[in-house]
Amino acid sequence: MPRSLERPEQRRDTWLFALCLGLSTLALFLPARWGQRIAAGLRNTALAPLVWLQDRGAEGRTSRARFRAVSAQRDSMAQFAFDLPDLKAENDRLRALMGLGERIGPGFVSAEVLRQTLPTEGRTLLLDKGSADGVKPFSPVVSPEGLLGVIREVDERTSIAMTWAHPEFRVSAVSENGDISGIAAPTAVGDASRTTLEFRAITYRDTLPEGALVVASGLGGVYPRGLPVGTVAGVEREQMGWERVYRLRPLARPSAASHVLILQGAEPLRVSEAFAAAARAAKAAAAAKAAPIPPAAAPAPAIPESTTALPPTGGAPAATVRPPDSTAPPRPRRARPRADSALAPTPGTPPTAVPDPTTSAVPARPDSTR
Amino acid sequence: MSAARAATRWQFTFAIGLLLVLQFYVRPRLFDGRYAPDFALIGLVLLAIRFGAGAGAALGLIVGLANDAMTPARFGASALAHTVVGYLAAWSRAFFFADNLAVIAGFLAVAAWTRDLVVLLASGTSDGGLVPALLVDAPLHALATAIAGSLLLLLFRSWFGIRLDQ
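Small disclaimer: the values here were computed from a predicted structure and weren't measured.

A. Summary view of the overall build of chain A. Helices and strands together make up the secondary structure of chain A, namely six helices and twelve strands. By residue count, 36% of the 370 residues in chain A fall in the buried class. For chain A, the share of sequence-separated contacts (at least 6 apart) that also reach a separation of at least 24 residues comes to 65%.

B. Local environment of the overall build of chain B. A count of helical and extended segments in chain B gives six helices and zero strands. Secondary structure elements of chain B occur, N-terminal to C-terminal, as α-α-α-α-α-α. Counting over 166 residues, chain B shows a buried share of 54%. Across chain B, the fraction of contacts at a sequence separation of at least 24, relative to all contacts at a separation of at least 6, is 69%.

C. Expanded view of unusual backbone geometry. In this structure, F138 of chain A takes a positive phi of about 65 degrees despite not being glycine. Of note, A201 of chain A is a non-glycine position whose phi angle comes to about 60 degrees, a positive value.

D. Highlighting the nonpolar core. Ranked by internal contacts, the top residues of the largest apolar core, which has 120 residues, are L147, V229, V260 and I262 of chain A together with V45 and L108 of chain B. No other element matches the eleven residues that helix α5 (residues 101-122) of chain B contributes to this core. Leave out the neighbours within four places in its chain, and V260 of chain A touches A111, V113, L127, V141, V142, S143 and L148 of chain A.

E. Structural detail: the confidence of the model for chain B. Residue and element names in this part refer to chain B. Looking at chain B, the pLDDT average stands at 84 and 89% of residues meet or exceed 70. Within chain B, helix α3 (residues 53-70) carries the highest mean pLDDT (91), whereas helix α1 (residues 3-30) carries the lowest (80). Model confidence for the complex is summarised by a pTM of 0.59, with the ipTM given as 0.85.

F. Main features of the sheet that holds strand β3 (residues 140-143) of chain A. All names here are of chain A. On the basis of which strands lie adjacent, the closed barrel formed by six strands has the order β1-β2-β5-β4-β3-β12 and antiparallel pairing. Each strand axis lies, on average, 45 degrees off the axis of its neighbour in the sheet, ignoring direction. Summarising the sheet, strand β4 (residues 146-154) and strand β5 (residues 159-163) pair through five bridges and their orientation is antiparallel. Residue pairing for β5: G149 is matched across the bridge by T163.

G. Representation of the confidence of the model for chain A. Residue and element names in this part refer to chain A. With 64% of its residues at a pLDDT of 70 or more, chain A has an overall mean of 71. Note that residues 1-5 has pLDDT below 50 and, in this model, one contact with residues that lie over four places away or in other chains. Note that pLDDT drops below 50 for residues 296-370; the model gives that stretch 106 contacts with residues more than four away or on any other chain.

H. Representation of the sheet that holds strand β10 (residues 228-239) of chain A. Residue and element names in this part refer to chain A. Pairing is antiparallel in the closed barrel, where six strands are placed in the order β6-β7-β8-β11-β10-β9. Strand after strand, the sheet turns through a mean of 45 degrees between neighbouring axes, direction not considered. As judged from the three bridges shared by strand β6 (residues 171-175) and strand β9 (residues 213-216), these two strands associate in the antiparallel manner. Among the inter-strand pairings, V174 is bridged to a residue of β9, identified as V215.

I. Focus on the environment of T120 of chain A. Residues and elements named next belong to chain A. Along the chain, the position of T120 falls in the loop between β1 (108-114) and β2 (124-127). T120 sits in the buried class, given 29 other C-beta atoms within 10 Å. When the C-alpha atoms of T120 and H166 are compared, they prove to be 9.1 Å apart, with 46 residues separating the residues in sequence.

J. Fine view of the interface of chain B and chain A. Taken together, the 49 residues of chain B in the interface contact 45 residues of chain A. Residue assignment for the side of chain B that touches chain A shows that the elements contributing at least two residues are α1, α3, α4 (77-96), α5 and α6 (127-160) of chain B. It is α3 of chain B that contributes the most residues to the side of chain B that touches chain A, 13 residues altogether. Residue composition of the side of chain B that touches chain A, grouped by class: 28 nonpolar, 15 polar and six charged.

K. Just the pairing of strand β12 (residues 259-263) of chain A, in detail. Residues and elements named next belong to chain A. For β12, the tally of buried residues reaches four of five residues, placing the bulk of the element in the interior. Bridge analysis of β1 against β12 gives five bridges, and the strand direction is antiparallel. When the bridges of β12 are listed, S110 appears paired with L261. In the sheet, β3 pairs with β12 via two bridges, with the strands oriented antiparallel. Looking at β12, one finds that V142 is bridged to L261.

L. Highlighting the pairing of β9 of chain A. Pairing between β9 of chain A and β10 of chain A: three bridges, direction antiparallel. Paired with V215 of chain A across the two strands is P228 of chain A, which belongs to β10 of chain A.

M. Summary view of the packing of helix α2 (residues 39-51) of chain B against α5 of chain B. Residues and elements named next belong to chain B. As a packed pair, α2 and α5 sit with axes 10 Å apart at the nearest point and diverge in direction by 120 degrees. Judged on the interaxial angle alone, α5 and α2 are oblique. Every pair of crossing elements has a handedness; the one defined by α2 and α5 is right-handed. In contact with L41, I42 and V45 of α2, α5 contributes F107, L108, A111, A112 and R115. Looking at the contact of α2 with α5, its residues break down into seven nonpolar, no polar and one charged.

N. Region of the structure containing α3 of chain B. Taking 1.5 Å of rise per residue, the 18 residues of α3 of chain B would be expected to cover 26 Å, and the 25 Å separating its terminal C-alpha atoms lies within 8% of that figure. Most of α3 of chain B sits inside the fold, with 16 of its 18 residues counted as buried.

O. Representation of the environment of A90 of chain B. Residues and elements named next belong to chain B. In this fold, A90 is placed in helix α4. Accessibility expressed as a C-beta count within 10 Å gives 25 for A90, which makes it buried. Residues A90 and G56, 34 residues apart in the sequence, show an inter-C-alpha distance of 6.5 Å. A90 has contacts with A48, I49, G52, A53 and G56, leaving out every residue within four places of it along the chain.

P. Fine view of the packing of helix α2 (residues 32-44) of chain A against α3 of chain B. The geometry of α2 of chain A relative to α3 of chain B is characterised by a closest axis approach of 8 Å and an angle of 100 degrees between their N-to-C directions. Judged by the inter-axis angle, α2 of chain A sits roughly perpendicular to α3 of chain B. Of the residues in α3 of chain B, those in contact with A39, L42 and R43 of chain A of α2 of chain A are L65, A66, D68 and A69 of chain B. In terms of residue class, the contact of α2 of chain A with α3 of chain B is built from five nonpolar, no polar and two charged.

Rules used in this analysis
- Residues numbered from 1 in each chain as written.
- Chains lettered and ligands numbered in written order.
- Predicted model: local features only at pLDDT ≥ 70, side-chain atom pairs only at ≥ 80, totals over all residues.
- Helix = DSSP H or I, 4+ residues; strand = E, 2+ residues; numbered from the N terminus.
- Buried ≥ 20, exposed ≤ 12 C-beta atoms within 10 Å, placed from the backbone.
- Contact = placed C-beta atoms within 7 Å.
- Core = buried A, V, L, I, M, F, W, Y, C linked by C-beta atoms within 7 Å.
- pLDDT = per-residue confidence, 0-100.
- Pairing = 2+ DSSP bridges.
- Axes fitted to C-alpha atoms, helices over the stretch in contact; angles between N-to-C directions.
- Nonpolar A, V, L, I, M, F, W, Y, C, P; charged D, E, K, R; others polar.
- Parallel < 35°, antiparallel > 145°, perpendicular 65-115°, else oblique.
- Left-handed = near helix turned anticlockwise from the far one by under 90°.
- Expected span 1.5 Å × (residues − 1).

What follows is the structure, given as structure tokens:
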């Protein structure tokens with residue numbers, strides 16, 4: 001190309017580059033509120049079809065996983081369908097494990113996370129629910145494990161959640177028993193996948209054991225009291241003999257969240273109870289899984305009076321065991337504890353009140369937790 | 001306009017549409033996490049190679065603003081990164097005669113890594129997170145993007161108007 005033609009073209013490219021560079025630098029140093037408005041405007045206009053497309057894509061991915069889960073559940077149900085009491089117990093158990101939303105009550109919106117490719121993605125999450133679905137700014141975002149973040153911006157169809165990995169995130173927190181209070185904030189590293197939380201402003205005389213649960217204190221009115229934030233993972237640093245900063249292991253992981261709940265005016269007490277019950281249920285499930293199967297001659301376990309299969313104190317549910325198969329040597333009737341044995345007292349035993357089979361829960365068999 | 005040129009234009013439009021579908025529908029459907037290939041960046045580099053430095057910078061600004069709108073960790077960081085990448089990609093082609101698939105794959109990898117570098121720096125990432133992000137995550141992300149871009153070029157190079165040495 002002749003030099004006379006090449007030069008104006010190069011000059012034009014340079015000017016265009018300088019203009020774009022100037023515009024992007026301007027965008028970078030705009031006040032945060034203006035930037036948020038521009039971003040929201042773009043998402044609602046030019047990018048709306050792309051957001052919609054991505055929503056469908058994410059939905060397809062999760063619907064496949066849901067389909068597999070539902071298929072597995074259906075197969076399990078078919079396998080156990082012949083035994084209705086066990087099925088009912090399993091239903092109760094699954095509800096207890098997964099029914100966080102039910103426990104929280106009506107004040108929540110469930111949303112799907114639309115993932116992006118930028119390395120700063122874990123600090124904010126694009127959610128597929130917006131003001132049209134009732135989402136409001138400063139609503140807490142939770143996953144089944146605990147606090148994930150807070151809604152920062154809301155459009156009509158989408159919203160942006162600031163996760164705990166965002167440098168500006170802060171939550172007033174207390175130890176589980178409420179004795180020690182402080183501020184939970186992300187550590188100073190930038191990558192969302194490696195950021196952890198710090199529990200700051202703890203007076204030097206207060207000590208927290210490793211593994212202690214730290215929950216939101218409810219101060220400020222944004223995060224309901226009792227919302228799990230993380231567990232203590234050790235002392236991060238001590239400052240001048242008056243403050244101790246603990247390292248927290250966050251319970252919710254922004255990089256792994258695909259579905260979240262946005263709390264909308266849910267009663268704080270219910271939220272706190274819901275997470276406590278979920279933790280108890282998880283502990284019970286783990287204990288039931290780890291517990292050895294009692295011998296067949298063990299006495300029949302007592303049937304709880306309550307309508308739930310999970311004990312209120314979080315202990316493992318009593319397990320009933322059936323004889324393995326017909327090849328086992330015949331045993332006396334009393335040595336064969338069955339769930340339904342309480343409904344038909346054996347001869348020789350004192351008469352007991354027969355519980356209503358529709359209301360009394362039958363303890364789940366250990367294998368029904370699959 | 002000749003029929004051949006019209007056909008080429010349609011193919012090019014279709015190729016851009018294909019990249020958009022890959023970025024916003026196929027990627028969230030198939031890939032999870034931050035190592036997923038960035039088809040928007042692939043499109044930006046290929047367009048910058050084809051249309052030149054100025055157009056590359058302008059396209060970078062548009063792609064970057066779109067990214068900023070979807071991931072507003074720091075508004076403007078992605079716009080700055082993509083503007084720089086778009087401009088440099090077009091200039092690099094002039095220096096390296098990028099008619100070779102391996103060279104273009106290298107362009108894509110370097111572009112993805114540079115983009116991540118500028119985004120991390122501009123969004124205020126501190127030293128503790130910067131080093132592992134640049135040495136571990138960004139190279140893997142760049143590799144995935146380069147592989148995906150090479151496959152796309154092998155399949156649709158004529159549609160993108162990219163000439164490759166046989």
